[in-house]
Amino acid sequence: MELTDSHTIDQRAQSCETIGWQPMTVMPPGSDLLPNAKTRGYAHAPARDEDGRSWLVLVLALQGIEQHFLILNIEPQHRNQLNEIVLRGLLCSDFNPAPIQNALQVNSPHLGKMLALAAEVSQQERFESACLSLVNGLVVAWELKHASLAWLDGRQIKMAAISHLDRFESDSYQTQLIEKAMAPALIEGNEVWWPDTEARLIDSTAMLDVAELLGSEEMVAVPILNTQGRPCGALLLGYATSVNRRSDLEPLYISLELLRPRLQDLWAGSLSLPRRIRRATHNASQRLFGPEQPLLKLSGLGAFFLLAYMVFGTWNYRVDATANITTDETQILSAQFDGRIDRVSGTAGDWVADRQVLATMDTKDLQQQRKELEADVQKAETEINKSRAERRMADTDIAQARLNQALARRSRIDNNISEATIQAPFSGVIVEGESKELLGAPVKKGDKLFRIAKIEGFYVSLLVSEREMRHITPQAKGEFVLISNPDAVIAIRITSLIPIAKVNGQEGNQFLIKAELLEPPAQWWRPGMTGLARIEVGERNVAWILTHRLVDGLRLKLWW
């Protein structure tokens, strides 16, 4: 039914033989079945016809075809099957709506019969019974003299059913003759009539022989096309009288379009197991190597080669590590006495020369203490001279001890004053010590002020995660890049492994590895510069490289 406005529906086809049957005559008055079906997909309500019979009216909206509905009158005794009927009706949206649309445009008395025949054939469970039901149904519905159906098995035409015959010999003369009569339709992919009114160059000898054998005045071979438009089977129809019936084939094409998937499934299921396997393999190879969906196939082929490469290919596996430039030629400069930093002339990163003054400590208190000790020395010398003149030997010895004590204290003060000036012990770079933090700061004896490093004896200190430590071997080579210049790749070689782990924050346990530089250091390198290193482990499987960390994690979680 087609909804033309809010009050009128146009009947396009029906599947019953009731003369004058109109859907609105049995639909409940004042009901909103059509709008409800348009909104929900289906709607139903009880109704009663003019003869007083009770019905259940079910309206289904045809998916993909706007403003079209399928109206079913269900007898009361079948109400318990309503859910199943609704479900089957809604599943019709899974089919191509083109045949349904075509059916709605056909005005033929055979349309209802063909739709009913298609429904009957679809209920069959075996290919042979379905084909026999189809040809016998065509003979009855169209009053034919003969109807037969053949199916393509590869490139061979095999008879599937002949009307009025439950069994037939596939190698009999009649069967082979009918198969030859269907061949032109299968070759051309179009219907072939005999007599040929269009005068096409087609060998119709076989159709002529079949017509004479069966006593038919007119015959037509109709191909059954698959979704790719290629023939998969054919029907041969023989008419008792010579009448132009070409317009009657449109309902047949519609029913064949609906039946073809079911017939294909039944035919595939009727094959022996080896043939089903061969057919499935052939279809898979056709889909795989055929011209359809090239992008999808190229993607699948690329995925296959990628998977094969991951399984059989290898990469040079390298372990990542954090690294920094280190040197053992360093010296710490510390405060030699308690005091305060008076002046600072060096800071971290400065290049310094040998004996260059880096800082000076305040010596005002030391100078004052020295003056006090000078007075004590003079007093002690005076006492010694006086006691010696009066021949008091005991007092002389006591005064001498006091003099020695004052002299020792003065010597210590003089030594501190001389060490108040902090100088670089050699040419190098200040790697620790900030002038802004040291200037004016109070310090105690032994406090670290500067660290000086020589620009020589460089090596690289690496920190490797304990997960990757088992892959590292002595003398393994690698590469190192500095954060300050990642373009320059520096070659290194492992010299020693420190077998004690250290905790490095969120990185967890890490092991210290020392590596030597395989090229001379640049002038701009400084101790403490950091970067990233990669240590070569060797050739490993690609899949292992990509998944070994995940596999190790799963092993730890699933270990018991």
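Predicted, not measured: the structure shown is a model, and the values here were computed from it.

How each quantity is defined
- Residues numbered from 1 in each chain as written.
- Predicted model: local features only at pLDDT ≥ 70, side-chain atom pairs only at ≥ 80, totals over all residues.
- Heavy atoms only, no water.
- Patch = residues over 30% accessible without salt bridge, like charges linked within 9 Å, V, L, I, M, F, W, Y side chains within 5 Å.
- Areas by Shrake-Rupley, 256 points an atom, 1.4 Å probe, with all protein chains shown as cover.
- Salt bridge = Lys/Arg side-chain N within 4 Å of Asp/Glu carboxyl O.
- Helix = DSSP H or I, 4+ residues; strand = E, 2+ residues; numbered from the N terminus.
- Axes fitted to C-alpha atoms, helices over the stretch in contact; angles between N-to-C directions.
- Parallel < 35°, antiparallel > 145°, perpendicular 65-115°, else oblique.
- Left-handed = near helix turned anticlockwise from the far one by under 90°.
- Contact = heavy atoms within 4.5 Å.
- Nonpolar A, V, L, I, M, F, W, Y, C, P; charged D, E, K, R; others polar.
- Phe/Tyr/Trp six-rings, centres within 6.5 Å; stacked < 30°, edge-to-face > 60°.
- Buried < 20%, exposed > 50% of the residue type's maximum accessible area, 1.4 Å probe, protein only.
- Pairing = 2+ DSSP bridges.
- Expected span 1.5 Å × (residues − 1).
- Bend = angle between axes of the 7 residues up to and from the residue.
- Polar contact = N/O pair within 3.5 Å; in protein donor to acceptor, adjacent residues only side chain to side chain.

1. Quick word on a nonpolar patch on the surface
Among the surface-exposed residues, Leu295, Leu298, Leu301, Phe304 and Phe305 lie close enough to one another that they form a single nonpolar patch of about 580 Å² accessible area. Tracing the chain through its elements places Phe304 in helix 11 (residues 294–312).

2. Examining the packing of helix 6 (residues 127–142) against helix 9 (residues 249–270)
Where helix 6 contacts helix 9, the two axes come as close as 9 Å, and the packing angle between them is 160°. One way to sum up the angle between helix 6 and helix 9 is to call them roughly antiparallel. Crossing angle aside, the handedness with which helix 6 passes helix 9 is left-handed. Mapping the contact onto sequence places Phe127, Glu128, Ala130, Leu134, Leu138 and Trp142 in helix 6 and Leu249, Leu252, Leu256, Leu259, Leu263, Leu266, Trp267 and Ser270 in helix 9. For the contact of helix 6 with helix 9, the residue count by class is 12 nonpolar, 1 polar and 1 charged.

3. Re the packing of aromatic side chains
Working definition: an aromatic ring pair is given by the centre-to-centre distance plus the angle between the planes. Summed over all chains, the structure comprises 6 aromatic pairs. Where Trp193 meets Tyr239, the ring centres are 6.2 Å apart and the plane angle is 15°; that geometry is what we call stacked. Separated by 46 residues along the polypeptide, Trp193 in strand 8 (residues 192–194) and Tyr239 in strand 10 (residues 231–239) bring together distant segments of the chain. As far as burial versus exposure is concerned, Trp193 and Tyr239 are alike and both buried.

4. Focus on unusual backbone geometry
For the bond from Trp194 to Pro195, the omega torsion is 0°, close enough to zero to count as cis. Along the chain, Pro195 turns up in the loop between strand 8 and helix 8 (205–214). The backbone of His164 shows a phi angle near 70°, a positive value even though the residue is not glycine. Although it is not a glycine, Gln475 adopts a positive phi angle of roughly 70°. Here Gln475 shows up in the loop between strand 20 (458–465) and strand 21 (477–482). For Gln475, a relative accessible area of 49% gives the class partly exposed.

5. Topic: the sheet that holds strand 17 (residues 428–432)
If you trace the 4 strands from one edge of the open sheet to the other, you get 12-19-17-14, paired in antiparallel fashion. Strands with a single pairing partner mark the edges of an open sheet, and in this sheet they are strand 12 (330–334) and strand 14 (351–352). Here 5 bridges tie strand 12 to strand 19 (residues 448–453), and the two strands are oriented antiparallel to one another. Looking at the pairing, Gln331 lines up with Ile452 of strand 19.

6. Some remarks on the sheet that holds strand 8
Taken in spatial order, the 5 strands make up an open sheet running 7-6-10-9-8, and their pairing is antiparallel. Each edge of the open sheet carries a strand with a single partner, namely strand 7 (156–162) and strand 8. Ignoring strand direction, the axes of neighbouring strands in this sheet form an average angle of 20°. Sheet topology places strand 9 (residues 218–225) next to strand 10; 8 bridges connect them, and they run antiparallel. If you follow Leu225 over to strand 10, its bridge partner there is Pro231. Helix 6 contacts strand 6 (146–153), strand 7 and strand 10 of the sheet and is inclined by roughly 150° relative to strand 6. Packed on one face of the sheet, helix 7 (residues 173–188) meets strand 6, strand 7, strand 8, strand 9 and strand 10 and runs near 120° to strand 7.

7. Thoughts on the side chain of Glu468
When you line up the elements, Glu468 lands in the loop between strand 20 and strand 21. If we ignore the near neighbours within four places in the chain, the residues touching Glu468 are Tyr317, Val319, His548 and Arg549.

8. Quick word on helix 15 (residues 542–558)
The end-to-end C-alpha distance of helix 15, which contains 17 residues, comes to 24 Å, matching closely the 24 Å that a straight helix rising 1.5 Å per residue would cover. Of all bends in helix 15, the biggest is about 50°, found at His548. Turning to helix 15, its buried residues are Val542, Ile545, His548, Asp552 and Gly553. Contact partners of the buried residues in helix 15: helix 11, strand 11 (314–327) and strand 24 (530–541). Near the N-terminus of helix 15, the side chain that reaches the backbone nitrogen of Ala543, with its oxygen 2.9 Å away, is that of Asn541.

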